Every structure is written in structure tokens, then in C-alpha cells.
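A look at the structure
For reference, the chains in residue letters:
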Amino acid sequence: MRSAVRPERRAILTGGLAAAAAAFLTGCSSKTDGGGAAGQAAAAGAAKKSPATRPPAAGERPDSPWAAFARLMEGNERWVDGQLRHPDRDPRRREFVAEEQDPFGVVLSCIDSRVPPELLFDTGLGDLFVMRTGGQVVGDVVTGSVEYGPMTSGTPLIVVLGHQRCGAVKAAHKALKDNKPLPGNLQSIAEALRPAYEVIAKEKHADPVDAMTRVHIKQTSADLRSNRDLGPLVEKGELAVVSAYYSLDSGRVEVLTGAPSS
């Protein structure tokens, strides 16, 4: 079960913004390193940390960027190894979060049916705010949804999660390369992915779609990290924005950038 909400974390936003957000969404109620190998090592070494820096015990809500990150990466290790615990998925947990929620992480991922964040991180009811869009693209509404947890309840972690063989990125890559718009509103996804396409189009890649996916993940996380409202939380070490890539083949989450330190 989660621990009691700390008053100081609730004080991140005071006054009008917090009140307006709470009223509007009632019931919806770090410093970082370069990621990559360092991020993977940080998660893998969680169990070896001293008691002061060890991740919170199962059932306790992680209250720092590193603790939340370590919790997710430990869950992904269980997913890869087939040793799932399925935490917080019973009637008792449902009753506990019925009146109020306090997730420890935000995950922005793709709509792909093979990439459900709650499963691949082995989390439970009330653990994560999850937003899913085609190619994990963002707009004002999606960005606002990502901001909700960190800005109103001190959620300490955001993960932008792309994945291997993304159909949305593949379709956008072809449309932009051939200069043939996609039908209907699908073209809006392609346009949102254009900045990543323009980066990878400058040089040859063995797998241009995969390269475009990785660039887009990093661009999106960088934009959120420097966001006018989220940026100050990142600077104070109260929030980490991690870019990550999910392998459909292995089930493993690879950290690209932004892994928080303990």
C-alpha cells in the first residue's frame, strides 16, 4: 500500500493553479544523468544500495525520482524474467484507492497493443498515470495530462516510452519521405513526428524507422524536461523525465536519457 501523502510535496503548487486543476480533474485524482548504460546500471544496482538509498519496500509509494525509477525498472526486470508479482491488483487495493489516488509515475507511451505500461513495469492499480497516443506524440491536451501529476500532487517521475517496430512511426516515415499525406487525422501524427524525421533524414541508417523512433523519444522527453512548468521541478531535483525504448523481442526497457541519480 502507499504511504501517507507528504504535505511538503502537496505544496508544490499553491493557490489558483492547484485549486483549478483539482476542480477540473476531480476523480482523475533530479538531477539527471545522460541515461543509457548509466541509467541501466542505476536500476540494476538498486538492491545493492545502502539502506538510505535503497528503493522503498514493496507497497510503499516511492517519493523521489530515483526511487520511482528504480521501482519501475525492477518491475521491468520481473517482466523480462517472467517473475511477475502483479502487485496492488486485488479488491483491497481497489477499495484503498477508491477515494483518492497518488501515483508515483507518469508514463507517456504509444497506443500499440503490445506495449501496456502497467504490465511491462509490473505495476498495480493506482501506481501510474498513463497517457497513450500514436507514436507517443504530444499536443496541448496530452502535455497538460502529463503535467497533471507532477504539478498537482508531486508525482516524481515521467517516462516517455517508445518501442521497437512502431507502426505509427513507420507510417509517418513513409508519408514524409514520399511526400504523400496520410488519410484523415493520421497526418497530424506524421506532422508531430516531422522533427524526428528531419533529423534522421540527414544521414543513412540501417533502420531509419528505428532511428526516427529513438530520436523522437529523446526530443519529446527533452521538450518536457525544459517545459516552462515542469522545468523548475526538474531543476530542483523533485522530478525526472526519462526517455526509454521498449524492445518487443526481449521485453526489456532501455533507458536513453534522463535516468535520475540516487
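Quick look at the structure, then. (Residues numbered from 1 in each chain as written. Predicted model: local features only at pLDDT ≥ 70, side-chain atom pairs only at ≥ 80, totals over all residues. Heavy atoms only, no water.)

This paragraph deals with empty space enclosed by the protein. In this structure, the second largest cavity spans a volume of roughly 40 Å³. As for the second largest cavity, its lining consists of Phe 69, Leu 72, Met 73, Phe 121, Val 159, Val 242, Ala 244, Val 253 and Val 255. The set of elements that each furnish at least two residues to the lining of the second largest cavity consists of α4 (65-81), β4 (240-246) and β5 (253-257). The element best represented in the lining of the second largest cavity is α4, accounting for three residues. Looking at the lining of the second largest cavity residue by residue, the classes come out as nine nonpolar, no polar and no charged. (1 Å grid on protein atoms, 1.4 Å probe; cavity = no way out; pocket = protein on both sides within 12 Å on 5 of 7 lines; lining within 4 Å. Points joined across faces, edges and corners; volume = space filled by probe spheres on them. Helix = DSSP H or I, 4+ residues; strand = E, 2+ residues; numbered from the N terminus. Nonpolar A, V, L, I, M, F, W, Y, C, P; charged D, E, K, R; others polar.)

To continue, consider the side chain of Asp 210. Structurally, the position occupied by Asp 210 is in helix α11 (residues 208-225). Leave out the neighbours within four places in its chain, and Asp 210 touches Gln 164 and Tyr 245. (Contact = heavy atoms within 4.5 Å.)

What follows deals with the pattern of salt bridges. For the structure on display, the rule yields 13 salt bridges. Across the pair Arg 214 and Glu 254 runs a salt bridge, and its minimum N-O distance is 3.2 Å. Here the residue Arg 214 occupies a position in helix α11, and Glu 254 occupies one in strand β5, the gap between them amounting to 40 residues. Note on Glu 254: relative accessible area 30%, which makes it partly exposed. The shortest N-O distance in the salt bridge between Asp 229 and Arg 228 comes to 4.0 Å. We classify Asp 229 as partly exposed; its relative accessible area is 29%. Because the salt bridges share partners, they merge into one network encompassing Arg 78, Arg 89 and Asp 122. (Salt bridge = Lys/Arg side-chain N within 4 Å of Asp/Glu carboxyl O. Buried < 20%, exposed > 50% of the residue type's maximum accessible area, 1.4 Å probe, protein only.)

Structurally, Val 146 is set in helix α7 (residues 140-153). The exposure class assigned to Val 146 is buried, which follows from its relative accessible area of 0%. Sequence separation between Val 146 and Leu 224 is 78 residues; the distance between their C-alpha atoms is 8.8 Å. In this structure, Val 146 is in contact with Val 106, Met 131, Ile 158 and Leu 224, ignoring residues within four places of it in sequence.

Under the criterion given, the structure shown has one aromatic pair. Between the NZ or CZ atom of Arg 214 and the centre of the ring of Tyr 245, over which it lies, the distance is 3.9 Å. (Phe/Tyr/Trp six-rings, centres within 6.5 Å; stacked < 30°, edge-to-face > 60°. Lys NZ or Arg CZ within 6 Å of the ring centre and 35° of its normal.)

Most of β4 sits out of view: seven of its seven residues are buried. Here β4 shows two buried faces, one formed by Ala 240, Val 242, Ala 244 and Tyr 246 and the other by Val 241, Ser 243 and Tyr 245. The pairing of strand β3 (residues 157-163) with β4 spans seven bridges and is classified as parallel. Bridge assignment links Gly 162 to a residue of β4, and that residue is Tyr 245. Taken together, β4 and the strand that follows it, β5, pair antiparallel across an intervening segment of six residues, in which Gly 251 is found at a positive phi of about 85 degrees. (Pairing = 2+ DSSP bridges.)

This next bit is on the nonpolar core. Counting residues in hydrophobic clusters, the biggest one holds 21 residues, and the most contacted among them are Leu 157, Val 159, Leu 161 and Val 253. Here Leu 157 is in contact with Pro 65, Ala 68, Phe 69, Leu 72, Phe 104, Gly 105, Val 106, Leu 239, Ala 240 and Val 242, once residues within four sequence places are set aside. Listed in part, the 19 residues of the second largest apolar core include Val 106, Ile 158, Val 234 and Leu 239. (Core = buried A, V, L, I, M, F, W, Y, C linked by side-chain atoms within 4.5 Å.)

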